[in-house]
Amino acid sequence: MRDGDAILVMVKGGELVHFSWNMSLPHAEFVRLATGKLPEGAWVGTASKLDGEVAAMSSKHFFGYQLPAPPEVAEVIRQNFE
């Protein structure tokens, strides 16, 4: 991932299960295309890289808020996209 990049991501059980570089998709459409519906216990959101740091924000559509990913989710994303 390069600085300024952003992607849609889905994490479940400590693993990255789906991602898309297609930032024109709303989170709901990303999930629909990837799995049909959000799997039980899965986290979905947007990850980006700014100033060399990978960060992720939760999907407001699915969680009702937009906050940084939980630490365990953020670590999975960093490991896959650093």
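Each remark here, short or long, concerns the structure printed above.
My aim in this report is to walk through the structure given alongside it, one point at a time.

Calculation criteria
Residues numbered from 1 in each chain as written. Predicted model: local features only at pLDDT ≥ 70, side-chain atom pairs only at ≥ 80, totals over all residues. Heavy atoms only, no water. Pairing = 2+ DSSP bridges. Helix = DSSP H or I, 4+ residues; strand = E, 2+ residues; numbered from the N terminus. Axes fitted to C-alpha atoms, helices over the stretch in contact; angles between N-to-C directions. Contact = heavy atoms within 4.5 Å. Buried < 20%, exposed > 50% of the residue type's maximum accessible area, 1.4 Å probe, protein only. Polar contact = N/O pair within 3.5 Å; in protein donor to acceptor, adjacent residues only side chain to side chain. Core = buried A, V, L, I, M, F, W, Y, C linked by side-chain atoms within 4.5 Å. Arc of directions from axis to C-beta. Phe/Tyr/Trp six-rings, centres within 6.5 Å; stacked < 30°, edge-to-face > 60°.

**Focus on the sheet that holds strand 4 (residues 53-58)**
Then comes step 1: One open sheet accounts for four strands, arranged 2-1-3-4; its pairing is antiparallel. The outermost strands of the open sheet, each flanked by one partner alone, are strand 2 (15-20) and strand 4. The mean inter-strand angle of the sheet, taken between neighbouring strand axes irrespective of direction, is 35°.
Then comes step 2: The pairing of strand 3 (residues 43-50) with strand 4 spans six bridges and is antiparallel. Opposite K49, over in strand 4, you have V54 as the bridge partner.
Then comes step 3: With respect to the sheet, helix 1 (residues 27-35) is in contact with strand 1 (6-12), strand 2 and strand 3, its orientation differing from that of strand 1 by roughly 55°.
Then comes step 4: Sitting on the sheet, helix 3 (residues 71-81) is in contact with strand 1, strand 2, strand 3 and strand 4, with an inclination near 125° to strand 1.

**Considering unusual backbone geometry**
Then comes step 1: Unusually for a residue other than glycine, D51 sits at a positive phi of about 50°.
Then comes step 2: Along the chain, D51 falls in the loop between strand 3 and strand 4.

**Some thoughts on the environment of S20**
Then comes step 1: Structurally, the position occupied by S20 is in strand 2.
Then comes step 2: By relative accessible area, which is 15% here, S20 ends up buried.
Then comes step 3: Considered as a pair, S20 and R2 are 18 residues apart in the sequence and their alpha carbons are 15 Å apart.
Then comes step 4: Looking at S20, its side chain comes within polar contact range of the main-chain nitrogen of N22, at 3.0 Å.

**Thoughts on the nonpolar core**
Then comes step 1: Judged by nonpolar contacts, the single largest core of 14 residues is most densely connected at V9, W43 and I77.
Then comes step 2: Sorting the residues of this core by element identifies strand 1, strand 3, strand 4 and helix 3 as the ones contributing at least two each.
Then comes step 3: In this structure I77 touches V9, V11, W43, A47, V54 and A56, once residues within four positions along its chain are discounted.
Then comes step 4: Judged by nonpolar contacts, the second largest core, of seven residues, contains L8, M10, V31 and V44.

**Details of helix 1**
Two residues of an α-helix separated by three or four positions point the same way, owing to the 3.6 residues in each turn.
Then comes step 1: Restricting attention to buried positions, one finds in helix 1 the residues H27, F30 and V31. Down the axis of helix 1, the sector holding all buried residues measures 95°, keeping them to one side.
Then comes step 2: With its phi angle positive at about 90°, G36 sits one or two positions after the end of helix 1.

**Quick notes on the packing of aromatic side chains**
For any pair of aromatic rings, geometry is given as the distance between the ring centres together with the angle between the planes.
Then comes step 1: One pass over the structure, following the stated rule, counts three aromatic pairs.
Then comes step 2: Judged by centre distance (5.2 Å) and plane angle (75°), the ring pair of F19 and F81 falls under edge-to-face. With F19 in strand 2 and F81 in helix 3, the pair connects residues that are 62 residues apart, well separated along the chain.
Then comes step 3: Classification of F19 by relative accessible area gives partly exposed; the value is 42%.
Then comes step 4: Judged by relative accessible area, F81 falls into the buried class, the value being 6%.
Then comes step 5: An aromatic cluster is present here, built from F19, W21 and F81 joined pairwise through their rings.

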